[in-house]
Amino acid sequence: MMLWGAGAVTAAPAEEYSTESAQATQSLLIDATHAGKRLVVVGDRGHILFSDDQGNTWTQARVPTRQLLTAVFFLDEKRGWAVGHDAQILASTDGGATWSKQFEDLAREAPLLDVAFTDAQHGFAVGAYGAFLVTTDGGQHWQDVAERLDNPDQLHLNAITQVREAGLFIVGEQGGMYRSADNGQHWTKVQGPYEGSLFGVIGTAQPRTLLAFGLRGNLFRSTDFGDTWQPIELKAARGELQFGLASATLLDDGTVVLVGNGGSVLRSTDDGQRFTVYNRADRIALSGVSAAGEGGLLLVGQGGVHLANAEGADGAPREVRP
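Calculation notes
- Residues numbered from 1 in each chain as written.
- Predicted model: local features only at pLDDT ≥ 70, side-chain atom pairs only at ≥ 80, totals over all residues.
- Heavy atoms only, no water.
- Helix = DSSP H or I, 4+ residues; strand = E, 2+ residues; numbered from the N terminus.
- Rg over C-alpha atoms; globule rule 2.2 N^0.38 Å.
- Buried < 20%, exposed > 50% of the residue type's maximum accessible area, 1.4 Å probe, protein only.
- Contact = heavy atoms within 4.5 Å.
- Polar contact = N/O pair within 3.5 Å; in protein donor to acceptor, adjacent residues only side chain to side chain.
- Pairing = 2+ DSSP bridges.
- Axes fitted to C-alpha atoms, helices over the stretch in contact; angles between N-to-C directions.
- Phe/Tyr/Trp six-rings, centres within 6.5 Å; stacked < 30°, edge-to-face > 60°.
- Lys NZ or Arg CZ within 6 Å of the ring centre and 35° of its normal.
- Core = buried A, V, L, I, M, F, W, Y, C linked by side-chain atoms within 4.5 Å.
- Salt bridge = Lys/Arg side-chain N within 4 Å of Asp/Glu carboxyl O.

Peer 1: Sorry, what's going on with the overall build of the protein chain here?
Peer 2: Looking only at helices and strands, the protein chain has zero helices and 30 strands in total. Taken over the C-alpha trace, the protein chain has a radius of gyration of 18 Å; the compact-globule value for 322 residues is 20 Å, and the two agree within 12%. Its C-alpha atoms put the protein chain at 55 × 50 × 30 Å along the principal axes. Burial analysis of the protein chain (322 residues in total) assigns 57% to the buried set. Within the protein chain, counting contacts between residues at least 6 apart in sequence, those at least 24 apart form 47% of the total.

Peer 1: How should the environment of Gly-312 be read in this particular structure?
Peer 2: Within the element layout of this structure, Gly-312 appears in the segment after strand E30 (304-308). Separated by 49 residues in sequence, Gly-312 and Gly-263 have C-alpha atoms that sit 8.6 Å apart. If sequence neighbours within four positions are ignored, Gly-312 has contacts with Val-265, Tyr-278, Arg-280, Leu-297 and Leu-299.

Peer 1: Please explain the side chain of Thr-70 as it appears in this structure.
Peer 2: Note that Thr-70 resides in strand E6 (residues 69-74). Taking the relative accessible area as the measure of exposure, Thr-70 reaches 11% and is therefore buried. Of the polar contacts made by the side chain of Thr-70, one reaches the backbone oxygen of Leu-112; its length is 2.6 Å. In this structure Thr-70 touches Ile-30, Asp-31, Val-42, Val-83, Gly-84, His-85, Leu-112 and Leu-113, once residues within four positions along its chain are discounted.

Peer 1: Would you mind going over the sheet that holds E30 with me for this structure?
Peer 2: Two modes of strand pairing occur in sheets, parallel and antiparallel, and in both the strands are linked by backbone hydrogen bonds. Pairing is antiparallel across the open sheet formed by three strands, whose spatial order is E28-E29-E30. Either end of the sheet is taken by a strand with one partner, and the two such strands are strand E28 (286-291) and E30. Direction aside, neighbouring strands of the sheet carry axes that sit 25° apart on average. Direction of pairing for strand E29 (residues 297-301) relative to E30: antiparallel, over a ladder of five bridges. Residue Gly-301 lies in a different strand from E30, and its bridge partner there is Gly-304.

Peer 1: Looking at this structure, I do not really get the packing of aromatic side chains. What am I missing?
Peer 2: Two measures describe an aromatic ring pair: the distance that separates the ring centres and the angle between the ring planes. If you walk through the whole model with that rule in mind, you get eight aromatic pairs. Seen in terms of ring centroids, Phe-117 and Trp-142 are 6.0 Å apart; in terms of plane orientation they differ by 85°. Their pairing is edge-to-face. Remark: Trp-142 occurs in strand E13 (residues 141-144) and Phe-117 occurs in strand E10 (residues 112-117); sequence separation between them is 25 residues. By the burial criterion, Phe-117 is buried, and Trp-142 matches it. Against the face of Tyr-17 rests Arg-62, its NZ or CZ located 3.9 Å from the ring centre.

Peer 1: Help me understand the nonpolar core in this model?
Peer 2: It is characteristic of soluble globular proteins that their nonpolar side chains tend to be buried jointly. Among the nonpolar cores identified, the biggest contains 15 residues, and Phe-169, Val-171, Met-177 and Trp-229 are the most heavily contacted of them. Among the elements of the structure, strand E14 (157-163), strand E15 (167-172), strand E18 (198-203) and strand E19 (210-214) are those that each provide at least two residues to this core.

Peer 1: Could you clarify how one ought to interpret the pairing of strand E12 (residues 132-135) in this entry?
Peer 2: Remember that side chains alternate between the two faces of the sheet whenever the strand is regular. Taking every second residue as pointing to the same face, both faces of E12 are buried, with Phe-132 and Val-134 on one and Leu-133 and Thr-135 on the other. Relative to E12, strand E11 (residues 123-127) runs antiparallel, the two sharing four bridges. Bridge pairing in E12 links Ala-125 to Leu-133. Bridge count for E12 against E13 is two bridges, and the pairing is antiparallel. Across the sheet, residue Val-134 finds its bridge partner in E13, namely Gln-143. Taken together, E12 and the strand that follows it, E13, pair antiparallel across an intervening segment of five residues, in which Gly-138 is found at a positive phi of about 70°.

Peer 1: Could you clarify how one ought to interpret the pattern of salt bridges in this entry?
Peer 2: Oppositely charged side chains may form a pair once their charged atoms are brought near each other. Using the criterion set out here, one finds 12 salt bridges in the structure. The closest approach of N and O atoms between Arg-164 and Glu-165, which form a salt bridge, is 4.0 Å. Of the residues examined, Arg-164 reaches a relative accessible area of 45% and is grouped as partly exposed. A single salt-bridge network, built from bridges that share partners, covers Asp-105, Arg-108 and Asp-144.

Peer 1: What exactly am I supposed to notice about the sheet that holds strand E8 (residues 88-92) here?
Peer 2: Read across the sheet, four strands follow the order E6-E7-E8-E9 without closing on themselves; strand pairing throughout is antiparallel. Two strands lie at the open edges of the sheet, namely E6 and strand E9 (100-103), each paired on one side alone. The sheet shows a mean angle of 25° between the axes of neighbouring strands, direction not considered. Of the pairings in the sheet, the one linking E6 to strand E7 (residues 80-84) comprises five bridges and is antiparallel in character. Residue pairing across strands places Ala-71 opposite Val-83, the latter belonging to E7.

Structure below.
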């Protein structure tokens, strides 16, 4: 086990901060979430943007990196974390307006791909080549605890989520699945239903229920914290869904929304048992989704920010400016 403290990361010089850009809202963005009522998105060149009017206008945050950021998580309206290339972990205590660097490991030459916190002290970051970091003090120190997982080939770990009344769940390369019922202290490898890569996992509003998804539209549902799985058949307007699924969000009313390549937006109002599928006409690759006011959606990915209606189609034109 190795331990890093905040002191191991020196303050980045001014030239290493993300470049201010009038085109930031149209650049590659990878993930989106809420910090209270505020929307926060992250992506290429260290760009982090936030909006206080449900996506109508955006402000670019001051961020001490120019690396691609791959995921963002907020515990509440103030405290959040983002991860990305160079195994970087950034933190914010003001709702995403400003960020500091908590951790980086240039020697890894690999990105972190997801981050989650169960409370203000306990956090987890997963990534390429089996990277698995934890903190028990809100990010002041991060520990490399990859040995807790049965992952001898160091397969990529793509996503981590908390499952209601059950624990933590990780998915990754070659169908890898791992779960913990004790806040990440001990992990069990799960026999999954699929040998292809799983890019995402999300807990639903129901206890012990989760969805795992990945290549070629493969989607699986479990109601017993991964003991058993059922494939979910997805039908688009012109046959089976063939595009990879990249990300998901759970809306306040329990609706689950998934997005993926080819402009696919999937929506379930029955805890993931059935989904409607909408393929956007622009077929853009989508990598993140969040709620965006009055039943709409914020979609991010290729081409930056996209404001959409509940199904994923473009809504009424709105002004988006840096």
